Amino acid sequence: MIDIPNNKQLILFDGVCNLCNASVLYVIKRDTKHRFLFAPLQSAIGKQIIKKFNIDTEETDSILLYNPLKNMLSYKSTAALLVAKYLGFPINLLTVFLVLPSFLRNWVYNYIAKNRYKWYGKKEACMIPTPELNSKFLD
């Protein structure tokens, strides 16, 4: 069972990707209303959500946004833009790109995702949150 409070959303990310880890830290710093929790795609809860929504990890291996209140999963550029919506000015202005068709947005997103290890590197294991950030992460 996926147990996430209805007032939170869960960001699933590639736990070994340096760009993804830096993005998580960026969101944590700007998530002043504490709307988000985090878990690596490789975690138990990540695998549960992937299974529940029948996600092909060969096609989607970077960011997923799970909203328990709506029982909805967003992915790729839509997930990133929905997260940006809550991060304050000026980053929240990126949500204007939601008017573009997802195939256009995802073309750019996929290009970055495909090259993220080459450009930013990769860790051997998932990030271990510091004790002060631990409450924002699920296993």
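Check the entry above for the structure.
Per chain, the residues get numbers from 1 upward, laid out in the order the sequence is written. Owing to the predicted nature of the model, reporting of local features is limited to residues with pLDDT of at least 70; listing and counting of side-chain atom pairs is limited to 80 or more, with chain, interface and lining totals taken over all residues. Side-chain descriptors were evaluated using all non-hydrogen atoms of the structure, hydrogens and water having been removed beforehand.

Caption draft 1: Spatial organisation of the overall build of the chain. Of the regular secondary structure elements, the chain holds 4 helices and 4 strands. Listing every helix and strand of the chain by position from the N terminus yields β-α-β-α-β-β-α-α. For the chain, the spread of C-alpha atoms along the three principal axes comes to 35 × 30 × 30 Å. Three labels apply to residues, based on accessible area from a 1.4 Å probe with only protein chains included: buried if under 20% of the type maximum, exposed if over 50%, partly exposed otherwise in between. Looking at the chain as a whole, 42% of its 139 residues are labelled buried. Within the chain, residue pairs in contact and separated by at least 24 positions form 68% of the contacts whose partners lie at least 6 positions apart. Carbon together with sulfur atoms contributes 59% to the accessible area of the chain, which is approximately 8,500 Å² in total. Each helix corresponds to a stretch of at least 4 residues labelled H or I by DSSP, and each strand to a stretch of at least 2 residues labelled E; elements are numbered beginning at the N terminus. Here a residue-residue contact requires only that any non-hydrogen atoms of the pair lie within 4.5 Å. Every accessible area reported is derived by Shrake-Rupley at a probe size of 1.4 Å, with residue values counting cover from the shown protein chains alone.

Caption draft 2: Representation of the packing of helix α3 (residues 76-84) against helix α4 (residues 102-120) within the structure. Each axis is a line fitted through C-alpha atoms, taken for helices only over the stretch in contact, and angles between the N-to-C directions span 0 to 180 degrees. Direction vectors running N to C along α3 and α4 enclose 90°, while the axes themselves pass 7 Å from each other. The orientation of α3 with respect to α4, classified from their angle, is roughly perpendicular. Together, Lys76, Ser77, Thr78 and Leu81 of α3 and Ser102, Arg105, Asn106, Tyr109 and Asn110 of α4 make up the contact between the two elements. What sets the label is the angle itself: under 35 degrees gives roughly parallel, over 145 gives roughly antiparallel, 65 to 115 gives roughly perpendicular, and the rest give oblique.

Caption draft 3: Up close: helix α2 (residues 44-52). Every buried residue belonging to α2 is among Ile45, Gly46, Ile49 and Ile50, and all of these are buried. Viewed end-on, α2 has its buried residues packed into an arc of 140°, placing them on one side of the element. Away from its buried face by more than 90 degrees, α2 exposes Ala44, Lys47 and Lys51. Buried residues along α2 sit against β1 (9-13), β2 (36-40), β3 (64-67) and β4 (72-75). Where α2 ends, the next residue or the one after it, Asn54, has phi of about 55°, a positive value. An arc is given here, and it is the one of the directions from the helix axis to the C-beta atoms.

Caption draft 4: Region of the structure containing the pattern of salt bridges. The term salt bridge refers to a pairing of a side-chain nitrogen on Lys or Arg with a carboxyl oxygen on Asp or Glu at a separation within 4 Å. As enumerated under the stated definition, the model contains 1 salt bridge in all. In this structure, the salt-bridge partner of Arg116 is Asp14, at a minimum N-O distance of 2.7 Å. Placement of the pair is Arg116 in helix α4 and Asp14 in the loop between β1 and α1 (18-30), with a sequence separation of 102 residues. For the pair Arg116 and Asp14, one class covers both residues: buried.

Caption draft 5: The sheet that holds β4, seen in detail. Reading across from one edge, β2-β1-β3-β4 is the order of the 4 strands in this open sheet, with mixed pairing throughout. Both edges of this open sheet fall to β2 and β4, since each of them pairs with a single strand only. Each strand of the sheet is rotated relative to its neighbour by a mean of 25°, with strand direction disregarded. Pairing of β1 with β2 involves 5 bridges; the strand directions are parallel. Counted as the bridge partner of Phe13 is Pro40 from β2. Along the sheet face, α2 touches β1, β2, β3 and β4 and points at about 100° away from the line of β1. A strand pair is defined by DSSP finding two or more bridges across the two strands.

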